[in-house]
Amino acid sequence: MSKYFTEANSEEAVIARLENCDDPRFKEVMVSAIRHLHAFVKEVEPTVEEWTQAIQFLTATGQICDNKRQEWILASDTLGISMLVDAINHRKPPGSTESTVLGPFHVEGAQELAMGSDICKDGKGEPCVVVGRVLDPDGDPVKDAILDVWQTNGDGFYDVQQPGLQPDLNLRGKFRTGADGRYWLRTVKPVSYPIPTDGPVGKMLEKMGRHAYRPAHIHFIVSAPGFEPVTTHIFLEGDEYIESDAVFGVKDSLVVPFVQKTAAETPEEETLSGPFWRADFDFGLKQES
Ligand code: BEZ
Ligand code: FE
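Residues numbered from 1 in each chain as written. Chains lettered and ligands numbered in written order. Predicted model: local features only at pLDDT ≥ 70, side-chain atom pairs only at ≥ 80, totals over all residues. Heavy atoms only, no water.

J.: How should the pairing of strand 1 (residues 127–135) be read in this particular structure?
T.: Along any regular strand, the residues point their side chains to alternate faces of the sheet. Of all nine residues in strand 1, seven are buried; the element is thus mostly enclosed. Bridge count between strand 1 and strand 4 (residues 182–188): seven bridges; the pairing is antiparallel. Paired with Gly-132 across the strands is Tyr-183, a residue of strand 4. Pairing analysis gives four bridges linking strand 1 to strand 12 (residues 276–280), with the strands arranged parallel. The partner of Cys-128 across the bridge, within strand 12, is Trp-277. (Buried < 20%, exposed > 50% of the residue type's maximum accessible area, 1.4 Å probe, protein only. Helix = DSSP H or I, 4+ residues; strand = E, 2+ residues; numbered from the N terminus. Pairing = 2+ DSSP bridges.)

Rendered as structure tokens:
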């Protein structure tokens, strides 16, 4: 090998400089990243203008980020990387609820609410009830499981996207199961909505000829002492974007029928006065290893 960098030896020339790296995992990751990046450049053979454009995209993606906007997560999500990392890290046994992307709109500190509370504070959207149980791998109920729930309002925006317009902590709440593992909550029927498109990721999607929509869903993080927490959603069956989620988050097991009910079908404890939608979903938790 030439002692200088050449087109032919490029990756080996760079990798050789890691000989004093004393963190084996970091070294493994960097060597692989260097190999793949050099192979990518050799395959694509970008012009200097194209490479400058790529640097501008990376710069703009970083510059738009702040403590409320995370464009890098959007980039990772829309390129399928978030779901791939999630799949590698959460291989689930049958019976355990599958995970999906967290997304950028989870907020710490939602209030714990009484079972059956309505998380909708702005009255926008169609009334909806979500009902189910949290179960262990034997199918027994899990007590003291916390369901941290969040979703958009009926207009397709999270509270944090509309500060001052929506009440704080609109459509967010935590529910704790009792000995029967059961939960139920009131909300609005979820709607499909576009991920933020006013930044570089939006431009990238447009250039790729892709839409930016996520199918209607409700987010959950379900946790309980002694069990692995699961970050997931339930998706509205029949949504027009169910097979083309902009962030690849949909899994068969998470697609749920939302069934229209009349007030007369209101279960006794669920004091609803008009028609509503009902979704039934049981969460399965895996024991902590
Ligand atoms: C969300 O569902 O909140 C979401 C997920 C990924 C990217 C943008 C939004
Ligand atoms: Fe969402």
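J.: Please explain the pattern of salt bridges as it appears in this structure.
T.: Opposite charge on two side chains allows them to pair when their charged atoms are near. Summed over the entire model, instances satisfying the criterion amount to 14 salt bridges. Salt-bridge contacts for Lys-143 lead to Asp-144; the nearest nitrogen and oxygen are separated by 3.5 Å. Relative accessible area serves as the criterion here: at 28%, Asp-144 is assigned to the partly exposed category. When salt bridges with common partners are traced through the structure, they connect Glu-112, Lys-143, Asp-144 and Arg-176 into a single cluster. (Salt bridge = Lys/Arg side-chain N within 4 Å of Asp/Glu carboxyl O.)

J.: Honestly, empty space enclosed by the protein in this entry has me stumped. Any pointers?
T.: Take a probe with the size of a water molecule and roll it over the atoms, and the empty space left behind shows itself. In total, this model carries one cavity of 30 Å³ or more according to the counting rule given. Here the largest cavity is characterised by a volume of approximately 100 Å³. (1 Å grid on protein atoms, 1.4 Å probe; cavity = no way out; pocket = protein on both sides within 12 Å on 5 of 7 lines; lining within 4 Å. Points joined across faces, edges and corners; volume = space filled by probe spheres on them.)

J.: Is there a simple way to explain the environment of Val-131 in this structure?
T.: Turning to its location among the elements, Val-131 is positioned in strand 1. Sequence spacing of Val-131 and Tyr-183 is 52 residues, and the spatial spacing of their C-alpha atoms is 5.9 Å.

J.: I would appreciate a short explanation of the coordination of the iron ion (ligand 2) in the present structure.
T.: For a metal bound by four donors in a tetrahedral arrangement, the ideal donor-metal-donor angle is 109.5 degrees, while six donors in an octahedral arrangement ideally sit at 90 or 180 degrees. Summarising the metal site, the iron ion (ligand 2) is bound by the protein donors Tyr-158 (OH), Tyr-193 (OH), His-217 (NE2) and His-219 (NE2), whose distances to it range over 1.8 to 2.2 Å. Around the iron ion (ligand 2), the six donor atoms sit at angles spanning 54 to 168°, and that spread fits a shape best called irregular. All donors to the iron ion (ligand 2) come from one chain, and their sequence spacing reads Y-x34-Y-x23-H-x1-H. Here the residue Tyr-158 occupies a position in the loop between strand 2 (146–150) and strand 3 (172–176), and His-217 occupies one in strand 7 (residues 217–223), the gap between them amounting to 59 residues. The pair formed by Tyr-158 and His-217 is uniform in burial state, with each residue classed as buried. (Donors = N, O, S within 2.8 Å, 3.2 Å for Na, K, Ca; no water. Tetrahedral: all angles 85-135°; square planar, octahedral: opposite > 155°, others 65-115°.)

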